[in-house]
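Take a look at the letters that make up each chain.
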Amino acid sequence: GRITAVGWTAFSGLLCNTSSLNCTYNSNHTLKNLGDVDPESQLPPDLVHYLLLNEIDNQRKVHEKILMHHFAGDFSMEPFSEMKAELLVHVLAWISHASAMNNCASHS
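Residues numbered from 1 in each chain as written. Predicted model: local features only at pLDDT ≥ 70, side-chain atom pairs only at ≥ 80, totals over all residues. Heavy atoms only, no water.

Asker: When you look at the overall build of the protein chain in this model, what are you seeing that I'm missing?
Answerer: Each helix and strand in the protein chain was counted, giving seven helices and zero strands. The secondary structure elements of the protein chain, listed N-terminal to C-terminal, are α-α-α-α-α-α-α. (Helix = DSSP H or I, 4+ residues; strand = E, 2+ residues; numbered from the N terminus.)

Here it is in structure tokens:
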């Protein structure tokens, strides 16, 4: 049988669960293909993008997924409002580092 749009959405959620930063971090970053499925003709663009990201053999794929879904455009600072200052400094440093990595990668 064919996989429906609901099924593809479920696969996308496994590869990049955007419901929270932690869920995105803990998503599957190792699945690179879906067997005999032709990604160019049968898969939604977001799923193809996640599978391609998973081919990267380092933490950049995790950084990219987090930046893409949680720190693009207008994002909420609410998750940081309860954070201790010591931790917030590290989180902001990580965001800065990940963003710089993403910018360098997109220009290479």
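Asker: I'm lost on the nonpolar core in this one. Help?
Answerer: When a protein is soluble and globular, its nonpolar side chains tend to lie buried together. Trp8, Leu15, Cys16, Leu34, Leu43, Leu47, Val48, Tyr50 and Leu51 form the largest nonpolar core, which has nine residues in total. For this core, the secondary-structure elements that each account for two or more residues are helix 1 (5-15) and helix 4 (45-53). Broken down by element, this core gets its largest block of residues, four residues, from helix 4. Residue contacts for Tyr50: discarding those within four places in its chain leaves Ser12, Leu15, Cys16, Lys65, Met68 and His69. Counting five residues, the second largest nonpolar core, distinct from the first, contains Val62, Leu67, Phe71 and Ile95. (Core = buried A, V, L, I, M, F, W, Y, C linked by side-chain atoms within 4.5 Å. Buried < 20%, exposed > 50% of the residue type's maximum accessible area, 1.4 Å probe, protein only. Contact = heavy atoms within 4.5 Å.)

Asker: Got a minute to help me understand the packing of helix 4 against helix 5 (residues 60-70) in this structure?
Answerer: Pairs of packed helices are described in terms of their axes, by the angle between the two and the distance that separates them. Between helix 4 and helix 5, whose axes approach to 9 Å, the crossing angle comes to 150°. Taking contact as the criterion, the partners of His49, Tyr50 and Leu53 in helix 4 are, on helix 5, Lys61, Glu64, Lys65, Met68 and His69. Class assignment for the residues of the contact of helix 4 with helix 5 results in three nonpolar, two polar and three charged. (Axes fitted to C-alpha atoms, helices over the stretch in contact; angles between N-to-C directions. Nonpolar A, V, L, I, M, F, W, Y, C, P; charged D, E, K, R; others polar.)

Asker: Help me understand the side chain of Ser27, please; the structure alone is not making it clear to me.
Answerer: In this fold, Ser27 is placed in the loop between helix 2 (21-25) and helix 3 (39-42). Looking at Ser27, its side chain comes within polar contact range of the main-chain nitrogen of Asn17, at 2.7 Å. (Polar contact = N/O pair within 3.5 Å; in protein donor to acceptor, adjacent residues only side chain to side chain.)

Asker: Mind showing me how you'd approach the pattern of salt bridges here?
Answerer: As a working rule, side chains carrying opposite charge can pair if their charged atoms are close by. Throughout the structure, instances matching the rule amount to one salt bridge. Across the pair Arg60 and Glu64 runs a salt bridge whose closest N-O atoms are separated by 3.6 Å. Taken as a pair, Arg60 and Glu64 lie in helix 5 at a separation of four residues, close to a single helical turn. Its relative accessible area of 25% is what places Arg60 among the partly exposed residues. (Salt bridge = Lys/Arg side-chain N within 4 Å of Asp/Glu carboxyl O.)

Asker: Would you mind going over the packing of helix 1 against helix 4 with me for this structure?
Answerer: Put simply, helix 1 and helix 4 touch, their axes get as near as 9 Å, and they point 35° apart. Pair helix 1 / helix 4 crosses with left-handed handedness. In this structure, helix 1 contributes Trp8, Phe11, Ser12 and Leu15 to the contact, and helix 4 contributes Asp46, Leu47, Tyr50 and Leu51. In terms of residue class, the contact of helix 1 with helix 4 is built from six nonpolar, one polar and one charged. (Left-handed = near helix turned anticlockwise from the far one by under 90°.)

Asker: Quick question: what am I supposed to make of the environment of His29 here?
Answerer: You can see His29 is positioned in the loop between helix 2 and helix 3. If we ignore the near neighbours within four places in the chain, the residues touching His29 are Leu15, Thr24, Asn54, Lys61, Val62 and Lys65. A polar atom in the side chain of His29 sits 3.4 Å from the backbone oxygen of Thr24.

Nothing here speaks to function; it is all geometry.
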